[in-house]
Amino acid sequence: MQPLSLTGDMILVFLVIAVVIFLFIVEWVRVDVVAILTMVALPILGLLEGRETFSGFGSTAVISIIAVIILGRGLDHTGVIGRVVRPLANLAGRLQSSIIMTLSVMIACISSVMQNIGAAALFLPALRRISRDSRIPLPKLLMPVGSAAILGGTITLVGSSPLIMLNDLLEYHGLPPFHLFSVTPIGLALVATGIAYFLFMGRHLLPSGEEENGESSGDLSEPSLYYSGIGKLFELTLPERTDPTLTVSKLCDNFLVHTVALRSHDGRTKLFPPDRDQLLLPRSTIAVYGPEGKVEEAAAAFGMKRNEPPGVFESDLSSDISGVAEAVVPPHSKFVGKSLQEIRFRHNHLLAPLAVYRSDKVQYTNLGEVVLRPGDAILMHGTWERFQQLNHGNDLLFSHPIDHEVLNPKKAGVALLCFALATALVVFSDLSLPVCLMAGALGMILTGVITIEEAYRGVDWRTVFLLAGLIPLGLAAEKTGAAAWLAQQILGWLHEPSPFLLLFLVGVLSTVFSLVVSNVGAI
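Throughout, a residue's number is its position along its own chain's written sequence, starting from 1. Given that this is a predicted model, residues contribute local features only at a pLDDT of at least 70 and side-chain atom pairs are listed and counted only at 80 or more, while totals for whole chains, interfaces and linings are drawn from all residues. To obtain the side-chain values, all non-hydrogen atoms of the structure were included, while hydrogens and water were left out.

Attention shifts here to the pairing of strand 4 (residues 285-290). Regular strands place their side chains on alternate faces of the sheet. Using a 1.4 Å probe on the protein chains alone, a residue whose accessible area is under 20% of its type maximum counts as buried, one over 50% counts as exposed, and one in between counts as partly exposed. Under the scheme used here, helices are H or I runs from DSSP no shorter than 4 residues and strands are E runs no shorter than 2 residues, and both carry numbers assigned from the N terminus. Of all 6 residues in strand 4, 6 are buried; the element is thus mostly enclosed. Residues T285, A287 and Y289 line one face of strand 4 and the alternating positions I286, V288 and G290 line the opposite face, and both faces are buried. Note: two strands are recorded as paired if DSSP finds a minimum of 2 bridges between them. Relative to strand 4, strand 1 (residues 232-237) runs antiparallel, the two sharing 6 bridges. Opposite T237, over in strand 4, you have T285 as the bridge partner. Sheet topology note: the strand 2 (residues 258-263)/strand 4 ladder contains 5 bridges and is antiparallel.

Printed below as a string of structure tokens:
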């Protein structure tokens, strides 16, 4: 092989690479903007033609990542991931090692089929609850679970953006590409090693932080924090014989216990929420908000059994589906001068009032008789879908953004079918990876799992532009001979290295680069 001489174009490529790395480190501009600057600079410097500099947008890596994000969003939007997370989180127990093991394995499996950030975000509410209940500092859980999310992306080809990009480079250079599970043995070994490290070394190395408690761990944007008498959510089952006159209003006005959901004993009827005059029949199950002492008092008075842990309404009243919100009555509202009972607030809006705040005083009982005035604040429980519908009008102004995503659990089976279709095409067909993945993503759109607008909103365009902008930089390095010259210099310096040494060196370099730039940028 003839030794290559360093040319002016090679020097320009190395300068561009150095500037890109520098901008990644100092973060004067966002990384995706740096990628766009790179795309524009390469043809200006004469290193690439105009059509070549935008070729990254048509690469299989970029299309594959877009499809994977849409597939993951579809699974999340239908609540499939949440249904898996909640019961397994309850099984984790209270021991730190058991919690880390269970949650790390779980998030590693999930991040193998969806983007790491999305997988980690799904676990944050569960982690906060587990930290509070088990009295384990949150930092001792966040780092192991976050690391497992990153390592889990290496279990399959579609779980990690760098792997998808590398697979694209293999095809570009005429090498056989990876299959979906080609990297699985290595990925499983990495996950097992990472979990074992945190199990045995984590107690000595992880920050202790402060224990989570009800006050310090609460999100200051949670409106229920400012209503100390509202208590929390409980689930009760009525006995076979109970007071035939027991109604929702009687529980609220006499015991400060607000019923937000009701299921009949045969499971055929579920009300969210029941009306104030709704009779609570024997063997029915209710979900209530109230202080624990008041709930225990009401349960003892009527012979109700407290369900621990809650099971009947666990899915229906999860934080993904419902929650608590506060809204203020504006002067022009049609609610002004009317009581909540006259409005039939529960019946017409399917929301359960929990408290009314007026003139520095909070009223928790006899809410149906409260005549609303401008400036009154109403604390309510309901589904995020109902809150968003009410937010579209002008009768109530919400004090916090109602930006929770409305899930579509009815399409969960269809979402799983589309994902299985994409996986089957990857494993059993000869079609390229982006075609297989995009077929599953398109199936989710055509079957109504998500709309095309939701798919567009779900795509992380920052990652797309970062990938599409850096791919031409590699093309310029190859076209000018800069990559070949650098490889020649390294091989000459190492004097015919062994494969082990070469792999070790590549691993060290990629690790060092990924410490200061994104993983995709390091690749």
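Definition used for salt bridges: Asp or Glu carboxyl oxygen within 4 Å of a side-chain nitrogen of Lys or Arg. One pass over the structure, following the stated rule, counts 12 salt bridges. The partner of D243 in a salt bridge is K250, and the shortest N-O contact between them spans 2.9 Å. The partly exposed category is assigned to K250, whose relative accessible area is 25%. Across the pair D395 and K334 runs a salt bridge, and its minimum N-O distance is 3.9 Å. Here the residue D395 occupies a position in the loop between helix 15 (384-391) and strand 10 (397-398), and K334 occupies one in the loop between strand 6 (322-328) and helix 13 (340-343), the gap between them amounting to 61 residues. Residue D395 is classed as buried on the basis of its relative accessible area, which comes to 18%. A relative accessible area of 54% means that K334 is categorised as exposed. In this structure, a network of salt bridges that share partners links the residues E292, E296, R306 and E308.

F272 connects to P273 through a cis peptide bond whose omega is -5°. In this structure, P273 sits in the loop between strand 3 (270-271) and strand 4. Even without being glycine, R283 reaches a positive phi, approximately 65°. Relative to the helices and strands, R283 resides in the loop between strand 3 and strand 4. In this structure, L350 takes a positive phi of about 55° despite not being glycine. Structurally, L350 is set in the loop between helix 14 (345-349) and strand 7 (352-358). Using a relative accessible area of 28% as the deciding quantity, one classes L350 as partly exposed.

It is worth spelling out the pairing of strand 7 at this point. Burial within strand 7 is extensive, with 5 of its 7 residues counted as buried. Judged from the 5 bridges that link them, strand 7 and strand 9 (residues 377-383) form a sheet pairing that is antiparallel. Each residue of the ladder has a partner; that of V356, found in strand 9, is I378. Where strand 7 meets strand 8 (residues 361-363), 3 bridges bridge the pair, whose relative direction is antiparallel. Counted as the bridge partner of R358 is K361 from strand 8. Here strand 7 folds back onto strand 8 in antiparallel fashion, the turn holding 2 residues, of which S359 has a positive phi close to 50°.

Spatially, the 5 strands line up as an open sheet ordered 3-2-4-1-5, and their pairing is antiparallel. Taken across any chain shown, the strands that pair with only one partner, and hence form the sheet edges, are strand 3 and strand 5 (305-306). Note: strand 2 against strand 3, 2 bridges, orientation antiparallel. Across the sheet, L262 pairs through a bridge with L271, a residue of strand 3.

So, about the nonpolar core. Put simply, buried Ala, Val, Leu, Ile, Met, Phe, Trp, Tyr and Cys residues joined by side-chain atoms within 4.5 Å make one nonpolar core. Counting residues in hydrophobic clusters, the biggest one holds 37 residues, and the most contacted among them are V62, I70, L437 and M444. Of all elements in the fold, only helix 4 (60-77), helix 9 (161-172), helix 16 (412-428), helix 17 (433-446) and helix 19 (461-479) reach the threshold of two or more residues within this core. The biggest single contributor to this core is helix 4, with 10 residues. Sequence-distant contacts of M444, that is, excluding residues within four places in its chain, are made with I70, L71, G74, L75, A415, C418, F419, V449 and I450. Every residue pair with non-hydrogen atoms within 4.5 Å of one another is taken to be in contact.

With antiparallel pairing, 5 strands are arranged side by side in an open sheet as 8-7-9-6-10. Edge strands, defined here as strands with exactly one partner in the open sheet, are strand 8 and strand 10. The angle between two axes is taken between their N-to-C directions and runs from 0 to 180 degrees, where each axis is a line fitted to C-alpha atoms and a helix contributes only its stretch in contact. Docked against the sheet, helix 15 engages strand 6, strand 9 and strand 10, running at close to 130° with respect to strand 9.

Describing an aromatic ring pair means giving the distance of the ring centres and the angle of the ring planes. Aromatic rings from Phe, Tyr and Trp, with only the six-membered ring used for Trp, were paired whenever their centres fell within 6.5 Å, and each pair was classed as stacked if the ring planes differed by under 30 degrees, edge-to-face if by over 60, and tilted otherwise. Under the counting rule described, the total for this entry stands at 10 aromatic pairs. Seen from their ring centres, F57 and F465 are 5.2 Å apart, and the 75° between their planes marks the pair as edge-to-face. Residue F57 is located in the loop between helix 3 (50-53) and helix 4, and its partner F465 is located in helix 19; the two are separated by 408 residues in the primary sequence. In this structure F465 comes out as partly exposed when scored by relative accessible area, which is 29%. The structure contains a cluster of three or more aromatic residues connected by ring pairs, namely W384, F387 and F398.

Turning next to the confidence of the model for the protein chain. Known as pLDDT, the predictor's confidence for each residue is given on a scale from 0 to 100. On average, residues of the protein chain score 82 in pLDDT, and 87% of them reach the 70 mark or higher. Per-element mean pLDDT across the protein chain ranges from 56 in helix 22 (residues 519-522) up to 92 in strand 2. In this model residues 210-221 is a low-confidence stretch, pLDDT under 50, and it forms 23 contacts with partners more than four residues away in sequence or in other chains.

Right, let's talk about the environment of L372 for a bit. Within the element layout of this structure, L372 appears in the loop between strand 8 and strand 9. On the basis of relative accessibility, which here comes to 1%, the residue L372 falls in the buried class. As a C-alpha pair, L372 and S333 span 39 residues in sequence and 9.8 Å in three-dimensional space. Look past the residues within four positions of L372 in its chain and what remains in contact with it is V329, F335, V336, G337, K338, L340, I343, R358 and I378.

Relative to the helices and strands, S64 is located in helix 4. Exposure remark for S64: the relative accessible area of 1% places this residue in the buried category. Non-local contacts of S64, meaning those with residues more than four positions away in its chain, are made with I164, L433, P434 and L437.

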